[in-house]
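Residues per chain, in single letters:
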Amino acid sequence: MTDLRRALLGLGAAALAIGGASVALILTSNHTSARGLAATLIPIAGWGFVGTGLYAWYRRPGNRTGPLLTAVGFTWFFQALESADNPAIFTIGALGLTVPFAILIHLLIAFPSGRLEGASERLLVAVAYFVTIPMQVAWALFADPAREGCDGCPGNPIQIHGHEGVAEAISSAQGLIAIPLVASAIVVVFRRWRGSPASERRVLTPVLATGAVAFGFLLVQLVLGQAGAGDGPQRVAFIAAVAAFACLPFALLIGLLRSRIGRDEEIRTALTAENEQLTAELRAKVEELRASRARIVEAGYAERRRVERDLHDGAQQRLVALTMSLRLARGKLESDPDAAAELLDEAMVEVGEATRELRELARGIHPAVLSDRGLDAALGGLAERAPLPVEIVETPEGRLPAPVESASYFVVAEALTNVARYAEAKEATVRIERRNGAVEIEVRDDGVGGADPATGTGLRGLSDRVAALDGELTVESPAGGGTTITARIPCA
Amino acid sequence: MPTSVLIVDDHPSFRLSARRMLEADGYAVVGEAEDGAGAIAAARELDPDLVLLDVQLPDIDGFEVAQRLRAAGDRAEIVLTSTRERSDFGDEVADSPASGFVTKGELSGEAIAALIR
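A few points on the structure. Just so you know, these numbers come straight off a predicted model, no measurement behind them. (Residues numbered from 1 in each chain as written. Chains lettered and ligands numbered in written order. Predicted model: local features only at pLDDT ≥ 70, side-chain atom pairs only at ≥ 80, totals over all residues. Heavy atoms only, no water.)

Another point: the overall build of chain B. When you go through chain B residue by residue, the secondary structure sums to 5 helices and 5 strands. Listing every helix and strand of chain B by position from the N terminus yields β-α-β-α-β-α-β-α-β-α. Counting every position in chain B, which comprises 117 residues, the buried fraction comes to 50%. Sequence-distant contacts, at least 24 apart, represent 60% of the contacts inside chain B between residues at least 6 apart. As presented, chain B carries roughly 5,400 Å² of accessible surface, and 44% of it is formed by carbon and sulfur atoms. (Helix = DSSP H or I, 4+ residues; strand = E, 2+ residues; numbered from the N terminus. Buried < 20%, exposed > 50% of the residue type's maximum accessible area, 1.4 Å probe, protein only. Contact = heavy atoms within 4.5 Å. Areas by Shrake-Rupley, 256 points an atom, 1.4 Å probe, with all protein chains shown as cover.)

Structural data, given as structure tokens:
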């Protein structure tokens, strides 16, 4: 058992004992009228407040609603002490009589968070405690129960005699302050209710409605008192207020239950919405991956077709021509040595061209210099062969993982090919840096801009190549403002 | 009278080598074409005895060109050629109206003469 639970159970047991004693006090009182009603309403309300307070305290230990409710319940029993025939107990009851109403104002204004928001709420609650504690003590110091219309009541042992009229004045001041105080509390509570969303109103309505009714009756009683109305109507209003207050803990319990149910529904709705969103995102991601995979496969086919076409149109044709030149040269070797020599010269040119074309082709598949000597050397070669000035501003020190190195190289190669074809640029710069666990590749030119990755297969192919390494390719290409292609590839 | 030849190929280097080769072997190269449409027009205009026809052309392939030549009533001998081997084309060579097939690497007057006799 936790300490909190043990303490709460102790408080519960104390409340039961105090309630039982209260019933005994009321039923044995010589001066209390309507003892049956008092012996019913006071313990029901007291236990109700303590019970719901302890439950709320246990469920939400961080929320002050539970302790406040429990405090209302315990202080509620002061009313029973007023039934005592013993003067000391009777006076203690009179001293604490009004305290639960201040705590109730505090509770209702702070409900359901348990916290007071803003200076005006704090002021209201401070005034409530001032009226019900120091002013009540001041009143008790001068009050004479016999003068208050209770002839059977025991005497007031702490009464300061010789100042008749002071108690009435204090009581009147309490009433005068309490009327606007209670009215303000009702307004605050109503505003709180009106400004709440529907889901919160489900929780607030039972509590605030019951509280407003109870304070409404209390207000009527206070106004009647100030207006000098007879005891009868005042008593009826007070009993109605007490009855409404007795219902308050149960209204609060309904609110708490609704809050749990509402919260469960909210959680379920939120989870469902989140689940749907995640599913949609996942579906989109899968679709994107599927499309990207299809593009990579298609790019692979296209690349193989290109290699086949390049071989067929290039080196293969050269070799065919070479074969024919050699055969012709052999035929002319004796009959026309000059023509044979000329054919052999042509054959050598063909061999040179075939070699160059094969080299280009091999570089397009994978540049050997990249594997052998790294990115810096390979980029140097790219810059050298480019038809415009290309400055390699920065390259990472040391070698990168092969897939990252290869992707970086092809990003630069494709970007520079695009610059040469479309950008009408005067120059381009290349920058590759390792930063924050990634490699950032940037190719910038001062050309006409307007590049759109959605329309060019080259840029989209690069984007797929980078995405295959969990990277991202961005293209900034405002019309007339040059183009900057940036790829970021994770690289621990 | 030498056999007149129309050379159809999209690679100028091959056309030049083939012209030299065939002329050295006693053929008269009367024209060249670099695609299928050009081949059909040149055949109609030049009426050669032989069309040396590359299979892979930029517009229509050599098989299609051969069919159209025949459909147009052209009686010239047709020899298909390619850097690839005959087996790369399956039955298409046999099914075409061409007299035969020679890979480019083995092209010579003799090889052609063996096909058209």
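Regarding its fold elements, chain A presents 15 helices and 5 strands. When each of the 492 residues of chain A is scored for burial, the buried share is 40%. When contacts within chain A are restricted to residue pairs at least 6 apart in sequence, those whose partners lie at least 24 apart make up 70%. Entry remark: accessible area of chain A is about 25,900 Å², with carbon and sulfur atoms responsible for 59%.

Here we come to the packing of aromatic side chains. Under the definition given, this model contains 10 aromatic pairs over all chains. Residues F49 of chain A and W76 of chain A carry aromatic rings whose centres are separated by 5.7 Å and whose planes lie at 50° to one another, so their mutual orientation is tilted. Here the residue F49 of chain A occupies a position in helix α2 (residues 35–59), and W76 of chain A occupies one in helix α3 (residues 65–76), the gap between them amounting to 27 residues. Classification of F49 of chain A by relative accessible area gives buried; the value is 0%. Measuring from ring centre to ring centre gives 5.8 Å for W76 of chain A and F101 of chain A, while their planes differ by 50°; the resulting arrangement is tilted. Pair noted here: W76 of chain A is in helix α3 and F101 of chain A is in helix α6 (residues 99–110), with a separation of 25 residues, a long-range link. Comparing W76 of chain A with F101 of chain A shows no difference in burial state: the two are buried. Cluster of aromatic residues (ring-pair linked, three or more members): F49, W76, F101, F215, F238 and F245 of chain A. Over the aromatic face of F14 of chain B sits the side chain of K104 of chain B, whose NZ or CZ is 4.4 Å from the ring centroid. (Phe/Tyr/Trp six-rings, centres within 6.5 Å; stacked < 30°, edge-to-face > 60°. Lys NZ or Arg CZ within 6 Å of the ring centre and 35° of its normal.)

Residue and element names in this part refer to chain B. Read from one edge to the other, the open sheet built from 5 strands follows the order β2-β1-β3-β4-β5, with strand pairing classed as parallel. If you trace the sheet from one side to the other, it starts and ends with β2 (28–33) and β5 (100–103), each paired once. On average, each strand axis in the sheet is tilted by 25° relative to the strand beside it, whichever way the strands run. The sheet contact formed by strand β3 (residues 50–54) and strand β4 (residues 77–82) spans 5 bridges and is parallel. Counted as the bridge partner of D54 is T81 from β4. Running at roughly 165° to β2, helix α1 (residues 12–24) makes contact with β1 (4–8), β2, β3 and β4 of the sheet. Across the sheet, helix α3 (residues 62–71) touches β3 and β4, and the angle it forms with β4 is around 175°. (Pairing = 2+ DSSP bridges. Axes fitted to C-alpha atoms, helices over the stretch in contact; angles between N-to-C directions.)

It is worth spelling out a negative patch on the surface at this point. Residue and element names in this part refer to chain A. A grouping of D336, D338, E342 and D345 is seen on the molecular surface, where their side chains present a negatively charged patch. If you trace the backbone, D336 turns up in the loop between α11 (231–332) and α12 (337–365). Accessibility expressed as a relative area gives 32% for D336, which makes it partly exposed. (Patch = residues over 30% accessible without salt bridge, like charges linked within 9 Å, V, L, I, M, F, W, Y side chains within 5 Å. Salt bridge = Lys/Arg side-chain N within 4 Å of Asp/Glu carboxyl O. Lys, Arg positive; Asp, Glu negative; His and termini not counted. Charge placed at Lys NZ, Arg CZ, Asp CG, Glu CD.)

This part covers helix α13 (residues 368–385) of chain A. Residues separated by three or four positions in an α-helix point in the same direction, a consequence of the helix having 3.6 residues per turn. Residues and elements named next belong to chain A. With 18 residues, α13 extends only 16 Å from end C-alpha to end C-alpha; this falls clearly short of the ideal 26 Å at 1.5 Å per step. For α13, the principal kink sits at G374 and spans about 140°. Among the residues of α13, those classed as buried are L370, G374, L375, A378, L379, G381, L382 and A383. On its buried side, α13 packs onto β1 (390–394), α14 (402–423) and β2 (428–435). (Expected span 1.5 Å × (residues − 1). Bend = angle between axes of the 7 residues up to and from the residue.)

Across the contact, 14 residues belong to chain A and 16 residues belong to chain B. Carbon and sulfur atoms supply 56% of the area buried between chain A and chain B, which totals about 1,400 Å² over both sides. Linking chain A to chain B there are 2 salt bridges. For the pair chain A and chain B, the interface holds 9 residue pairs in polar contact (both at pLDDT 80 or more). At the level of secondary structure, the elements contributing two or more residues to the side of chain A that touches chain B comprise α11 and α12 of chain A. Broken down by element, the residue count for the side of chain A that touches chain B peaks at 11 residues, all from α11 of chain A. For the side of chain A that touches chain B, the class distribution of residues is 5 nonpolar, 4 polar and 5 charged. (Buried area = accessible area lost by both parts, 1.4 Å probe. Polar contact = N/O pair within 3.5 Å; in protein donor to acceptor, adjacent residues only side chain to side chain. Nonpolar A, V, L, I, M, F, W, Y, C, P; charged D, E, K, R; others polar.)

Here the focus is the pairing of β3 of chain B. Residues and elements named next belong to chain B. Burial analysis of β3 places 5 of its 5 residues in the buried class, the great majority of the element. The pairing of β1 with β3 spans 4 bridges and is parallel. Opposite I7, over in β3, you have L52 as the bridge partner. This β-α-β element, β3 to α3 to β4, shows right-handed connectivity. (Right-handed = clockwise from strand over helix to strand, strands pointing away.)

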